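Coordinate analysis (summary)
Single-letter residue listing:
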Amino acid sequence: MTSATDIRTYVINLKRRPDRRAWIAGSLPPELPAIFTSDWEGPFDGHELDRADLEEAGYSLFPWQIESDNSWWSRPLKYGEIGCTLSHLACWRHAAQNGGEPYILVLEDDAVLQPTFLEELLGALERLDGRVPFDLLYLGRYLLDPDQEAVPGFVSPGYSHCTFGYLLTRPALDVLLATHLEAAVVPIDEFLPSLYIDHPRADLRARFPRQLTALAFDPPIVYQRPKTEAGSDTEDSDFVADDSRSTSVDPVRHSWLAHTATAGERE
């Protein structure tokens, strides 16, 4: 039977945001002792990053900006997006090197957990175990493309943004780390979907091909605090000044573009 001891929990949090740490700590089930990235030293805070320091630390950026009607793709990366990605990467690395729990839970510090969160999560894992294989399980997200039916209570997710709550299997860690994301850093929102769908950007499809099986709770069991309450540590940061090279890409073919600007803020 699946229990809380089968889950290793991480929370993405910045040292300068003790307010957000305190907020989510108040809702974390005591059975899931969490590891906070704010207790680590790392290039996580977009307010403190610059390109020279990133390169010195061994991180390289994917040539992100392209000619596109998609407002996320036609601008340079932001340092907050980079820091967020590196925070998730640090959690995967830490989990791969520590413990043996079969599941790794990653939450961002603006995730909203209901009182029944752990009960719902464990019940779902028990139903899925040995019956429906998966590598990545979204607990909540922002849907951009249609989902596909899976089994009751879950869908095979379409193109989705937001990584405020997801679960990985331990074998999935090896897949994630083998992509060498540190050598071509992209927003975590775009990286995870590229591994379970054919990403709409040809350059991302080529660099990060599809190789994971994903599921998503339907309905979600984790939600995200409104930006008016929690702010956005990814968007509240500077652009990477040197990321100015634009390349062509397949024409954008998604109807979600019209509403992305108002509903798709990252982290």
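Small disclaimer: the values here were computed from a predicted structure and weren't measured. Starting afresh in each chain, residues are numbered from 1 along the sequence in its written order. Only residues with pLDDT of at least 70 are given local features in this predicted model, and only at 80 or more are side-chain atom pairs given and counted; all residues enter the totals for whole chains, interfaces and linings. Hydrogens and water molecules were not included; the side-chain quantities draw on all heavy atoms of the structure.

Attention now goes to the overall build of the chain. Each helix is a run of H or I in the DSSP string that is no shorter than four residues. Each strand is a run of E no shorter than two, and both are numbered from the N terminus. If you tally the helices and strands in the chain, you get 9 helices and 12 strands. When each of the 267 residues of the chain is scored for burial, the buried share is 55%. Of all intrachain contacts in the chain linking residues separated by at least 6 positions in sequence, the fraction that spans at least 24 positions is 80%. Accessible surface computed for the chain: about 11400 Å², of which carbon and sulfur atoms make up 50%. Each residue is placed in one exposure class: buried if its accessible area under a 1.4 Å probe, protein chains only, is under 20% of its type's maximum, exposed if it is over 50%, and partly exposed if it falls in between. When checking whether two residues touch, look at their non-hydrogen atoms; a contact exists if any pair is within 4.5 Å. For the accessible areas, the method is Shrake-Rupley and the probe is 1.4 Å, while residue cover comes only from the protein chains on display.

What follows is about the nonpolar core. What is meant by a nonpolar core is a set of buried Ala, Val, Leu, Ile, Met, Phe, Trp, Tyr and Cys residues, joined one to another through side-chain atoms within 4.5 Å. Core analysis: the largest hydrophobic core is formed by 52 residues, its most contacted members being Ile82, Trp92, Leu168 and Phe191. Contributions of two or more residues to this core are made by β1 (7–12), α3 (79–97), β3 (103–108), β5 (136–138), β10 (165–169), α5 (170–178), α6 (188–194) and β11 (214–217). Ignoring sequence-local partners within four residues, the contact set of phenylalanine 191 consists of Trp92, Leu176, Thr179, Leu181, Val186 and Phe208. If you look at the next biggest cluster of nonpolar residues, it comprises 30 residues, including Leu118, Leu139, Phe164 and Val222.

A few words on helix α4 (residues 117–128). Expected helix span is given by 1.5 Å per residue-to-residue step, counting one fewer step than there are residues. For α4, which comprises 12 residues, the first-to-last C-alpha distance of 17 Å matches the rise-based estimate of 16 Å (1.5 Å per residue) to within 8%. Residues of α4 that are buried: Phe117, Leu118, Leu121, Leu122, Ala124, Leu125 and Leu128. Around the axis of α4, the buried residues are gathered within 160° of arc, so they sit on the same side. Following α4 by one or two positions, glycine 130 adopts a phi angle in the positive range, close to 75°. Throughout, the arc means that of the directions going from the helix axis to the C-beta atoms.

What follows is about the sheet that holds β1. Two strands are counted as paired when DSSP detects at least two bridges linking them. Taken in spatial order, the 8 strands make up an open sheet running β2-β1-β3-β10-β5-β11-β8-β7, and their pairing is mixed. Because the sheet does not close on itself, it has two edges, and the strands there are β2 (34–36) and β7 (148–149). The pairing of β1 with β2 spans 3 bridges and is parallel. When the sheet's bridge partners are listed, threonine 9 is paired in β2 with alanine 34. As a rule, the C-alpha atoms of each element are fitted with a line to give its axis, helices using only the stretch in contact, and angles between N-to-C directions run from 0 to 180 degrees. Strands β1, β2, β3 and β10 of the sheet are contacted by α3, whose axis makes an angle of about 155° with β1. The strands touched by α4 within the sheet are β1, β3, β5, β8 (154–156), β10 and β11, with β11 carrying the most contacts at an inclination of about 140°.

Attention shifts here to the side chain of glutamate 182. Residue position: glutamate 182 is located in the loop between α5 and α6. Polar side-chain contacts of glutamate 182 include one of 3.1 Å to the side chain of histidine 180. Ignoring any residue separated from it by four or fewer positions in sequence, one finds glutamate 182 in contact with Gly58, Tyr59, Ser60, Leu89 and Arg93. Side-chain atoms alone can form a polar contact between residues adjacent in sequence; in general such a contact is a pair of N or O atoms within 3.5 Å, and within protein one must be able to donate a hydrogen while the other accepts it.

Before going further, it helps to spend a moment on the layout of surface pockets. Using a 1 Å grid laid over the protein atoms alone, points where a 1.4 Å probe fits but cannot get out form a cavity; open sets with protein on both sides within 12 Å along at least 5 of 7 lines form a pocket; any residue with an atom within 4 Å of a point counts as lining. Grid points are joined across faces, edges and corners, and a volume is the space filled by probe spheres set on the points. Here the second largest pocket defines a volume of roughly 180 Å³. Residue lining of the second largest pocket: 14 residues in total, with Lys15, Gly42, Phe44, Asp45 and Glu48 positioned closest to the centre. When residues are sorted by character, Ala, Val, Leu, Ile, Met, Phe, Trp, Tyr, Cys and Pro go into the nonpolar class, Asp, Glu, Lys and Arg into the charged class, and all the rest, Gly among them, into the polar class. The residue makeup of the lining of the second largest pocket, split by class, is 5 nonpolar, 4 polar and 5 charged.

Right, let's talk about the confidence of the model for the chain for a bit. What pLDDT reports is the predictor's confidence in each residue, on a scale of 0 through 100. Averaged over all residues, the pLDDT of the chain is 90; the fraction at 70 or higher stands at 88%. For residues 243–265, every residue scores under 50 in pLDDT, and the model assigns this stretch 48 contacts once sequence neighbours within four places are set aside.

This paragraph deals with unusual backbone geometry. The omega angle of the peptide bond from aspartate 218 to proline 219 is 5°, so this bond is cis rather than trans. Turning to its location among the elements, proline 219 is positioned in the loop between β11 and β12 (222–224). Unlike most non-glycine residues, cysteine 162 shows phi in positive territory, near 85°. Structurally, cysteine 162 is set in the loop between β9 (160–161) and β10. Take cysteine 162: its relative accessible area is 3%, and that puts it in the buried class.

In this section: the pairing of β1. Within β1, 6 of the 6 residues are buried, which leaves the element mostly enclosed by the surrounding structure. Residue alternation in β1 divides its side chains into two sets, Ile7, Thr9 and Val11 and Arg8, Tyr10 and Ile12, and both sets are buried. Pairing of β1 with β3 involves 6 bridges; the strand directions are parallel. By the bridge assignment for β3, isoleucine 12 is matched with glutamate 108. Here is how to tell: hold the view so the strands point away, follow the path from the first strand over the helix to the second, and if it runs clockwise the crossover is right-handed. Note on the crossover from β1 through helix α1 (residues 18–25) to β2: the handedness is right-handed.

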